[in-house]
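Overview (structure and organization)
Residues per chain, in single letters:
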Amino acid sequence: MLFSATILALIFANSPYSEVYKSIWEYKIGIESSNFTLVKPLSLWINDGLMAIFFFVIGLEIKRELLVGELNSIKKAILPFFLAIGGMIFPVLIYFLLNDDFNTSQGWAIPMATDIAFSLAVLTLLGSRIPANLKVLLTAFAIVDDLGAVVIIAIFYSTGISWNLLLIALSLILFLSLLSNFNKFSKYLWIIVGVVIWVLFLKSGIHPTIAGVLIALTVPMNRKVNVDEFSSQLKSISSKIDGIKCSKNTLLTHEHIEELDNIEDLISDVQSPLQHLEHKMHNWVAYFIMPVFAFANAGISIGSSFDIGYALTVAVALFVGNFIGILFMSFLSVKTGISGLPSGVKFKHIIGVSFLAGIGFTMSIFIANLAFDRESIFLQSAILGILIGSSLSGLIGYLYLRFVK
């Protein structure tokens, strides 16, 4: 769907309906009163609003991986950490090496991000030809890479900070953290407070998507009931329901309804709030938010003016930078004994991952939108470079892993 949305965006942007396509994303909507104004073009509601939900899910993934996943120990995290460092530093170095235009210097972070959705999709297409641990390694590396991108956005792409509003937002985040610490969670409270925090971040000058990550980190991980206790209580409730007399043609009795309520409460208690939210929101992000983001941002007109040199700089930094950086850092960490390769994974597989890491797409386009104005020739050129670099990385990575023995 992400790929299809990109193709549709390119088709519309280069069709007789290109002006309609542009005007849709420029249409302003919002709330306005004498004391408060929040009016934005539709494109910014997507990039600042929907993408905050995308970053919220990334935050949930980061917390899960740090607590119980592939990043919950130094031994597990060290190789993905090295891969991420290589995938961030080397693309930026190549970007500065090739780019000598001061007007595009703020786009330095564009090639450092890996699109986990696209890169994992390529590995999925390869099926059993690759070891299962390679997918685990790529996922862990991409999450560390996303964490690095979040830090970069917070530090380098936030302007004119209003410290008073930011302190209020951070106080609310602390409030949610305290509730989480006592294992108290209500999704309705988190939504209401989360929206307030998002608005405060937006008005404070810090990019509001950062609010999504920070709110996610406050969601509790612990469950109130373990699986064995859940199973035992469920059997008990089931026995009670069996013992309630009720005609098949009548409505449920009051006792039935009470026991069904008990089942609902029991299901809620056995689920981790973090895991439950991640599970429920994953499809919304994967099948709605990301395709909508791609449809709104990938539509560049081929007939427009491009800075071809800059587009190639972005493409080369994505493709070559990630390949060299990840391969070099993995070799360095393994040969020095700092880390080891996962079971079944060999250096020939790392070469394939090094190619796939150059698929920047979603996060790269997002950072490009932060670096340049929407009508800027450099934004259009950056997106062209991202499409070229990501396509090249995905194609070569797939072909390499497809035919490597």
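Note that the structure is a prediction, hence the values are computed from the model and not measured. (Residues numbered from 1 in each chain as written. Predicted model: local features only at pLDDT ≥ 70, side-chain atom pairs only at ≥ 80, totals over all residues. Heavy atoms only, no water.)

**Quick word on the nonpolar core**
Buried together is how nonpolar side chains tend to be arranged in soluble globular proteins. Residues Phe 54, Phe 55, Ile 110, Ile 197 and Phe 201 are the most contacted members of the largest nonpolar core, which totals 106 residues. With 12 residues, helix 6 (residues 132-156) is the largest single contributor of residues to this core. Discounting chain neighbours no more than four positions away, the residues touching Ile 110 are Tyr 310, Val 314, Ser 364, Ile 367, Ala 368, Phe 372, Ala 382 and Ile 386. (Core = buried A, V, L, I, M, F, W, Y, C linked by side-chain atoms within 4.5 Å. Buried < 20%, exposed > 50% of the residue type's maximum accessible area, 1.4 Å probe, protein only. Helix = DSSP H or I, 4+ residues; strand = E, 2+ residues; numbered from the N terminus. Contact = heavy atoms within 4.5 Å.)

**Some thoughts on the packing of aromatic side chains**
Counted according to the given criterion, the structure contains 23 aromatic pairs. Taking the centre distance of 5.8 Å and the plane angle of 85° together, the rings of Phe 12 and Phe 295 count as edge-to-face. Here Phe 12 is found in helix 1 (residues 2-13), whereas its partner Phe 295 is found in helix 12 (residues 273-297), with 283 residues between them in sequence. Among the residues examined, Phe 12 registers a relative accessible area of 33% and is labelled partly exposed. Both rings, one in Phe 372 and one in Phe 378, keep their centres 6.0 Å apart while their planes meet at 40°; by these two values the pair is tilted. What links up through ring pairs into an aromatic cluster is the set Tyr 95, Phe 96, Tyr 310, Phe 372 and Phe 378. Above the face of the Phe 36 ring, Lys 203 is positioned so that its terminal group lies 5.3 Å from the ring centre. (Phe/Tyr/Trp six-rings, centres within 6.5 Å; stacked < 30°, edge-to-face > 60°. Lys NZ or Arg CZ within 6 Å of the ring centre and 35° of its normal.)

**What about the pattern of salt bridges?**
For the structure shown, the criterion picks out 3 salt bridges. A salt bridge links Asp 48 to Lys 40, with the shortest nitrogen-to-oxygen separation between them at 3.4 Å. The structure contains a network of salt bridges with shared partners spanning Arg 64, Glu 65 and Glu 278. (Salt bridge = Lys/Arg side-chain N within 4 Å of Asp/Glu carboxyl O.)

**What to know about the environment of Ala 382**
In this structure, Ala 382 sits in helix 16 (residues 377-403). Beyond its immediate sequence surroundings of up to four residues, Ala 382 is in contact with Ile 110, Tyr 310, Val 314, Ala 368 and Phe 372.

**Some details on the packing of helix 5 (residues 116-126) against helix 6**
Close contact between helix 5 and helix 6 brings their axes to 10 Å; oriented N to C, the two are set at 170°. As far as their axial angle goes, helix 6 and helix 5 are roughly antiparallel. Where helix 5 approaches helix 6, its residues Ile 116, Ser 119, Leu 120, Leu 123 and Thr 124 are matched on the opposing element by Leu 134, Lys 135, Leu 138, Thr 139, Ala 142, Ile 143 and Asp 146. Taken together, the residues of the contact of helix 5 with helix 6 break down into 7 nonpolar, 3 polar and 2 charged. (Axes fitted to C-alpha atoms, helices over the stretch in contact; angles between N-to-C directions. Parallel < 35°, antiparallel > 145°, perpendicular 65-115°, else oblique. Nonpolar A, V, L, I, M, F, W, Y, C, P; charged D, E, K, R; others polar.)

**Focus: helix 14 (residues 347-356)**
Most of helix 14 sits out of view: 7 of its 10 residues are buried. Residues His 349, Ile 350, Gly 352, Val 353, Ser 354, Phe 355 and Leu 356 constitute the buried set of helix 14. Taken together, the buried residues of helix 14 touch helix 5, helix 6, helix 13 (308-335) and helix 16.

**A closer look at the packing of helix 13 against helix 16**
Where helix 13 contacts helix 16, the two axes come as close as 7 Å, and the packing angle between them is 35°. As for how helix 13 packs across helix 16, the hand of that crossing is right-handed. Residues Ile 308, Tyr 310, Ala 311, Val 314, Ala 315, Leu 318 and Phe 319 of helix 13 form the contact with helix 16, whose own contacting residues are Phe 378, Ser 381, Ala 382, Leu 384, Gly 385, Ile 386, Ile 388, Gly 389, Ser 390, Leu 392, Ser 393 and Ile 396. Of the residues in the contact of helix 13 with helix 16, the class split is 14 nonpolar, 5 polar and no charged. (Left-handed = near helix turned anticlockwise from the far one by under 90°.)

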